[in-house]
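Chain by chain, the residues:
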Amino acid sequence: MNEKKETKRELLLPGDLIVDEGVKPGRGTFKRGGKIYAATLGVKTVRSGYVNIAAQSGRYDPKRGDRVIGTVTDVNSSIWMVDLNAPFPAVLHVNDVPWRVEFGDTKRYIDVGDAILVKISNVDELKKIQISMDEEGLRKLNNGQVIEIAPSQVPRVIGRKGSMISMLKNYTDSRIFVGQNGRIWIDGPLEGQYIAVKAIQMIEEKAQVVGLTDAVEQFLKEETGKVLENKREDK
Amino acid sequence: MVDEDIKLIGKDGIRRDGRKFDELRPITIEAGVLKRADGSAYLEWGENKVLAAVYGPREMHPRHAQNPSRAVVQARYNMAAFSVPDRKRPGPDRRSVEISKIMSEALEEIIFVEQFPRSSVDVFVEVLEASAGTRCAALTAASVALADAGIPMSDMISSCAAGKIDGQIVLDLGKKEDNFGEADVPLGMVTSSGKITLLQMDGNLTLDEYKKVMELAMNACREIYQIQREALKKRYSTSLEGYEDIEDTEEE
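Computed from a predicted structure; not experimentally measured.

Some remarks on the overall build of chain B
Turning to step 1, where the next piece is worked out: The secondary structure content of chain B amounts to four helices and 10 strands.
Turning to step 2, where the next piece is worked out: When the elements of chain B are put in sequence order from the N terminus, they spell out β-β-β-β-α-β-α-β-β-α-β-β-β-α.
Turning to step 3, where the next piece is worked out: By principal-axis analysis of the C-alpha atoms, chain B measures approximately 75 × 45 × 35 Å.
Turning to step 4, where the next piece is worked out: Looking at chain B residue by residue over its 252 residues, the buried ones come to 54%.
Turning to step 5, where the next piece is worked out: Taking contacts inside chain B between residues at least 6 apart in sequence as the whole, the part at least 24 apart equals 67%.
Turning to step 6, where the next piece is worked out: Taking the average location of the 33 positive side-chain charges in chain B and that of its 44 negative ones, the two points are 5 Å from each other.

Quick look at the pattern of salt bridges
Turning to step 1, where the next piece is worked out: Counting across every chain of the model gives 28 salt bridges over all chains.
Turning to step 2, where the next piece is worked out: Arg-100 of chain A is the salt-bridge partner of Glu-102 of chain A, the closest N and O atoms lying 3.5 Å from each other.
Turning to step 3, where the next piece is worked out: Exposure remark for Glu-102 of chain A: the relative accessible area of 48% places this residue in the partly exposed category.
Turning to step 4, where the next piece is worked out: Residues Lys-49 of chain B and Glu-129 of chain B are paired through a salt bridge, measuring 3.3 Å at the closest nitrogen-oxygen approach. Of this pair, Lys-49 of chain B sits in strand 3 (residues 48–59) while Glu-129 of chain B is found in strand 5 (residues 119–129), placing the two residues 80 residues apart along the sequence.
Turning to step 5, where the next piece is worked out: In the salt-bridge network here, residues are joined through shared partners; they are Arg-15, Asp-17, Arg-19, Arg-25, Asp-172 and Glu-177 of chain B.

A look at the environment of Leu-199 of chain B
Residues and elements named next belong to chain B.
Turning to step 1, where the next piece is worked out: Along the polypeptide, Leu-199 turns up in strand 9 (residues 195–199).
Turning to step 2, where the next piece is worked out: Look at Leu-199 and you get partly exposed, because its relative accessible area is 39%.
Turning to step 3, where the next piece is worked out: For Leu-199 and Asn-179, which are 20 residues apart along the polypeptide, the C-alpha to C-alpha distance reads 19 Å.
Turning to step 4, where the next piece is worked out: For Leu-199, the contacting residues outside a window of four places in its chain are Val-185, Pro-186, Leu-187, Tyr-210 and Met-214.

Considerations on the side chain of Ser-83 of chain B
Turning to step 1, where the next piece is worked out: If you trace the backbone, Ser-83 of chain B turns up in the loop between strand 4 (72–79) and helix 1 (94–108).
Turning to step 2, where the next piece is worked out: In this structure Ser-83 of chain B comes out as buried when scored by relative accessible area, which is 3%.

Quick look at the environment of Ala-37 of chain B
Turning to step 1, where the next piece is worked out: Relative to the helices and strands, Ala-37 of chain B is located in the loop between strand 1 (27–31) and strand 2 (39–45).
Turning to step 2, where the next piece is worked out: Once residues lying within four places of it in the same chain are set aside, the contact partners of Ala-37 of chain B are Ala-53, Val-54 and Tyr-55 of chain B.

Examining the layout of surface pockets
Turning to step 1, where the next piece is worked out: Estimated volume of the second largest pocket: approximately 1,200 Å³.
Turning to step 2, where the next piece is worked out: If you go around the second largest pocket, you meet 30 residues; those closest to its centre are Ile-149, Ala-150 and Glu-204 of chain A together with Lys-35 and Ala-37 of chain B.
Turning to step 3, where the next piece is worked out: Of all the secondary-structure elements, those providing two or more residues to the lining of the second largest pocket are helix 3 (190–205) of chain A together with helix 4 (207–237) of chain B.
Turning to step 4, where the next piece is worked out: The dominant element in the lining of the second largest pocket, judged by the number of residues it contributes, is helix 3 of chain A, at three residues.
Turning to step 5, where the next piece is worked out: Among the residues making up the lining of the second largest pocket, the classes are represented as eight nonpolar, 12 polar and 10 charged.

Concerning the pairing of strand 9 (residues 79–83) of chain A
Residue and element names in this part refer to chain A.
Turning to step 1, where the next piece is worked out: Of the pairings in the sheet, the one linking strand 8 (residues 67–75) to strand 9 comprises four bridges and is antiparallel in character. Counterpart to Val-72 in the pairing with strand 9 is Val-82.
Turning to step 2, where the next piece is worked out: Turn length for the strand 8-strand 9 hairpin, with the two strands adjacent in sequence and antiparallel, is three residues.
Turning to step 3, where the next piece is worked out: Judged from the four bridges that link them, strand 9 and strand 10 (residues 90–93) form a sheet pairing that is antiparallel. Looking across to strand 10, one finds that Ile-79 is bridged to His-93.
Turning to step 4, where the next piece is worked out: Remark: six residues form the turn of the hairpin made by strand 9 and strand 10, two consecutive strands paired antiparallel; Asn-85 in that turn has positive phi of roughly 70°.

Notes on the nonpolar core
The nonpolar side chains of soluble globular proteins are, as a tendency, buried together.
Turning to step 1, where the next piece is worked out: Grouped together as the largest cluster of nonpolar side chains are 100 residues, with contacts concentrated most on Trp-80 and Leu-84 of chain A.
Turning to step 2, where the next piece is worked out: The leading source of residues in this core is helix 4 of chain B, at 12 residues.
Turning to step 3, where the next piece is worked out: Here Leu-84 of chain A is in contact with Tyr-60, Val-68, Ile-69, Gly-70, Ala-90, Val-118, Ile-120, Ile-129, Ile-131, Asn-181 and Arg-183 of chain A, once residues within four sequence places are set aside.
Turning to step 4, where the next piece is worked out: The next biggest cluster of nonpolar side chains, apart from the first, holds 25 residues, and it includes Ile-147, Ile-149, Tyr-171 and Ile-176 of chain A.

Describing the confidence of the model for chain A
Turning to step 1, where the next piece is worked out: Of all residues in chain A, 93% have pLDDT values of 70 or greater, and the mean over the chain is 88.
Turning to step 2, where the next piece is worked out: Confidence drops under pLDDT 50 across residues 1–7 of chain A; counting only partners more than four residues distant or on other chains, this segment forms 10 contacts.

What about helix 1 of chain B?
All names here are of chain B.
Turning to step 1, where the next piece is worked out: Over its 15 residues, helix 1 runs 21 Å from end to end, which matches the ideal 21 Å to within 8%, given 1.5 Å per residue.
Turning to step 2, where the next piece is worked out: Listing the buried residues of helix 1 in full gives Ser-96, Ile-99, Ser-100, Ile-102, Met-103, Ser-104, Ala-106 and Leu-107.
Turning to step 3, where the next piece is worked out: Buried residues along helix 1 sit in contact with strand 4, strand 5, helix 2 (134–148), strand 6 (157–165) and strand 9.

Concerning the pairing of strand 16 (residues 183–187) of chain A
All names here are of chain A.
Turning to step 1, where the next piece is worked out: Of all five residues in strand 16, five are buried; the element is thus mostly enclosed.
Turning to step 2, where the next piece is worked out: Of the two faces of strand 16, both are covered, the one formed by Arg-183, Trp-185 and Asp-187 as well as the one formed by Ile-184 and Ile-186.
Turning to step 3, where the next piece is worked out: Relative to strand 16, strand 14 (residues 145–148) runs antiparallel, the two being bridged by four bridges. The residue of strand 16 that forms the bridge with Ile-147 is Ile-184.
Turning to step 4, where the next piece is worked out: The loop that links strand 15 (residues 175–178) with its antiparallel partner strand 16 comprises four residues; one of these, Gly-182, has a positive phi angle of about 90°.

Things to note about the packing of aromatic side chains
Turning to step 1, where the next piece is worked out: Enumeration over the complete set of coordinates arrives at five aromatic pairs over all chains.
Turning to step 2, where the next piece is worked out: Each ring, one from Phe-30 of chain A and one from Tyr-37 of chain A, has its centre 5.5 Å from the other, and the planes form 25°; the classification is stacked.
Turning to step 3, where the next piece is worked out: For the pair Trp-99 of chain A and Tyr-109 of chain A, a centre-to-centre distance of 5.3 Å together with 25° between the ring planes defines the contact as stacked. Taken as a pair, Trp-99 of chain A in the loop between strand 10 and strand 11 (115–123) and Tyr-109 of chain A in the loop between strand 10 and strand 11 lie far apart in primary sequence, 10 residues in all.
Turning to step 4, where the next piece is worked out: One cation-aromatic arrangement involves Arg-139 of chain A over Trp-185 of chain A; the distance from NZ or CZ to the ring centre is 4.9 Å.
Turning to step 5, where the next piece is worked out: Taking NZ or CZ as reference, Arg-235 of chain B lies 4.7 Å from the ring centre of Tyr-236 of chain B, over its face.

Calculation notes
- Residues numbered from 1 in each chain as written.
- Chains lettered and ligands numbered in written order.
- Predicted model: local features only at pLDDT ≥ 70, side-chain atom pairs only at ≥ 80, totals over all residues.
- Heavy atoms only, no water.
- Helix = DSSP H or I, 4+ residues; strand = E, 2+ residues; numbered from the N terminus.
- Buried < 20%, exposed > 50% of the residue type's maximum accessible area, 1.4 Å probe, protein only.
- Contact = heavy atoms within 4.5 Å.
- Lys, Arg positive; Asp, Glu negative; His and termini not counted.
- Charge placed at Lys NZ, Arg CZ, Asp CG, Glu CD.
- Salt bridge = Lys/Arg side-chain N within 4 Å of Asp/Glu carboxyl O.
- 1 Å grid on protein atoms, 1.4 Å probe; cavity = no way out; pocket = protein on both sides within 12 Å on 5 of 7 lines; lining within 4 Å.
- Points joined across faces, edges and corners; volume = space filled by probe spheres on them.
- Nonpolar A, V, L, I, M, F, W, Y, C, P; charged D, E, K, R; others polar.
- Pairing = 2+ DSSP bridges.
- Core = buried A, V, L, I, M, F, W, Y, C linked by side-chain atoms within 4.5 Å.
- pLDDT = per-residue confidence, 0-100.
- Expected span 1.5 Å × (residues − 1).
- Phe/Tyr/Trp six-rings, centres within 6.5 Å; stacked < 30°, edge-to-face > 60°.
- Lys NZ or Arg CZ within 6 Å of the ring centre and 35° of its normal.

Here's what the structure looks like:
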């Protein structure tokens with residue numbers, strides 16, 4: 001995948017015809033009269049026989065299997081209602097948390113306002129979202145802070161094979177988790193958190209700059225005064 | 001007519017503002033002007049200035065207004081108090097409630113509402129300066145803002161008016177022409193399919209005149225569609241430079 005970078009992709013707008021032959025309509029597309037059209041503003045990608053439009057803007061579109069950061073908006077005796085920044089609210093049931101919760105005892109574990117790291121276990125056709133916390137790595141986020149970026153910029157913050165995110169962690173000594181819904185959790189020394197937030201804001205603003213990873217590394221070096229040897233594989 | 005002396009078209013066929021019968025006022029559109037909205041657009045159309053913001057799709061409140069099978073499109077057209085020479089009394093009035101309603105219905109046609117049950121797509125259009133043709137300007141801007149918000153839709157809507165002044169069919173009526181002309185027909189169209197999602201008429205036209213008006217307005221919509229596209233391309237083209245296909249990236 002490394003050699004085909006720097007190619008300027010064409011932007012498709014809603015209603016634009018997709019001319020590729022022998023592909024099936026995937027995400028962000030629709031079919032009408034035997035032809036495939038773009039449904040959202042974005043860039044075309046073809047993967048395993050499906051043509052998708054990678055949206056360049058817009059809200060988070062919940063997908064099964066995504067790891068996301070949610071905030072609890074409501075609690076009752078057997079469920080938590082969670083906001084994922086999606087068009088629909090999500091439900092976390094007491095059976096889907098790692099603890100044995102007595103009926104009506106939900107508030108002792110997670111309360112309104114808490115940030116939690118969860119996985120989307122199902123999105124049904126009525127767009128009801130079920131989430132789960134009963135898996136390795138999923139938990140309540142007790143310390144640190146959560147910031148928000150545009151969901152379309154999440155791949156930028158992670159970087160190819162996680163290059164960007166691991167660089168951020170190494171320089172700032174922070175623990176960082178990027179949820180697919182554009183929420184980012186940062187924990188660590190205050191100074192490091194502060195620099196990480198600034199770096200992420202820089203990534204979001206300058207996502208289009210060629211050689212972004214290097215620019216961010218430069219910024220991190222200046223801010224932290226640290227010099228780490230270059231362990232990145234690419235380049 | 002109120003004022004017999006007003007001549008809207010000169011002997012040379014040129015209108016009061018120097019345009020030919022089939023000429024639009026200059027239009028400029030900028031997409032993505034508001035940071036906190038999901039999508040936005042600012043449009044200038046002659047002396048009209050409108051600002052459109054889109055929020056959503058998001059969970060709809062009040063809940064009893066939710067539709068369990070589709071999203072509800074709520075458009076709001078509002079004129080600023082300072083948008084007209086005499087102060088406009090703020091707040092919704094008969095006219096702006098009407099325009100909000102027809103805009104919602106026009107936009108519903110292109111948005112894939114069935115993908116977002118129980119949610120709402122909120123469109124706010126503020127008219128900052130008005131000089132005839134604001135509903136067309138509002139709809140055109142709203143359509144760009146929706147695309148900017150990344151909302152799945154089948155196409156964009158372009159909108160323009162045509163009408164009759166001094167017995168002649170003309171495109172895109174200006175303030176004076178609207179006030180003293182004989183007819184004004186605003187039109188909203190899905191450009192690619194030619195589907196009409198907004199059509200109103202003020203005044204009277206014969207069938208032949210009506211056909212001419214429609215032809216003129218529909219051609220103008222195609223022109224406006226290109227301006228809308230340019231605005232969106234300009235907004236996003238820079239973000240595609242050095243675009244790399246980073247997907248399916250796992251984190252932590």
